[in-house]
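Coordinate analysis (summary)
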Amino acid sequence: MPSVPRKILFVCLGNICRSPAAEAVFRTLVANRGLDAVFEIDSVGTGGWHEGERADPRSRAEGERRGHDVDSRSRQVVASDLDHFEFIICMDRANHEAMTDLGAEEGKLHLLLEWHPSPDIDEVPDPYYGGEDGFVRMYELIEVACGKLLEEMLVEEES
Ligand code: 4NP
């Protein structure tokens with residue numbers, strides 16, 4: 001079991017579709033292992049258009065169908081997030097660039113799909129302007145990558 005809290009921030013553009021889904025999935029995985037107390041998990045958007053809103057209903061519905069409680073409220077990243085969180089995990093390269101521009105340490109910054117086994121995809125596509133199938137694909141990618149991320153963190157902690 002991790003001896004120190006792991007502070008993880010998931011990042012997308014609007015914080016209503018992808019990063020709330022990643023936050024909810026990671027919370028499910030952590031809760032399933034009884035590790036809620038040792039992880040701090042949050043999500044933000046690089047933009048603030050949806051500040052205070054619940055996640056997109058399509059993201060909530062598909063998340064619920066898969067057993068995840070998508071209950072976050074959208075917020076835009078603030079400067080203190082860059083210091084506070086140890087892992088800043090972005091959904092796509094534009095988010096990654098935006099966080100670099102804000103001054104995030106390169107060593108903290110990742111793309112979530114670094115933890116996805118497929119070499120053919122490295123970004124979680126933005127499903128906002130598409131159909132509901134985009135939300136299914138989004139969760140498929142996020143669930144696999146979050147599972148690998150957590151496994152890797154737990155193995156690192158043991159070694
Ligand atoms: P997200 O999706 O970055 O996965 O939350 C989006 C949500 C809203 C907008 C763009 C992307 N928007 O332009 O309002």
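In what follows, the structure referred to is the one given above.
Residues numbered from 1 in each chain as written. Predicted model: local features only at pLDDT ≥ 70, side-chain atom pairs only at ≥ 80, totals over all residues. Heavy atoms only, no water.

**Focus: the nonpolar core**
Our working rule: Throughout this description, the term nonpolar core refers to a set of buried Ala, Val, Leu, Ile, Met, Phe, Trp, Tyr and Cys residues connected via side-chain atoms within 4.5 Å. Between buried and exposed lies partly exposed: a residue is buried under 20% and exposed over 50% of the maximum accessible area for its type, with that area taken using a 1.4 Å probe on protein chains only. We count a stretch as a helix when DSSP gives it H or I for four or more residues in a row; a strand needs E for two or more, and each element gets its number in order from the N terminus.
If you look at the biggest cluster of nonpolar residues, it comprises 35 residues, and the most contacted ones within it are I8, F10, F26, F39, I89, L112 and I142. Secondary structure elements with two or more residues in this core: β1 (6–12), α1 (18–32), β2 (39–45), β3 (87–90) and α5 (132–158). Looking at which element gives the most residues to this core, the answer is α5, with 11 residues. Counting 12 residues, the second largest nonpolar core, distinct from the first, contains V77, L82, C90 and L109.

**Describing the pairing of β1**
We count it as follows: In this analysis, strands are considered paired if DSSP registers two or more bridges between them.
Counting buried positions over the 7 residues of β1 gives 6, a clear majority of the element. In the sheet, β1 pairs with β2 via 7 bridges, with the strands oriented parallel. Paired with F10 across the strands is S43, a residue of β2. Pairing between β1 and β3: 4 bridges, direction parallel.

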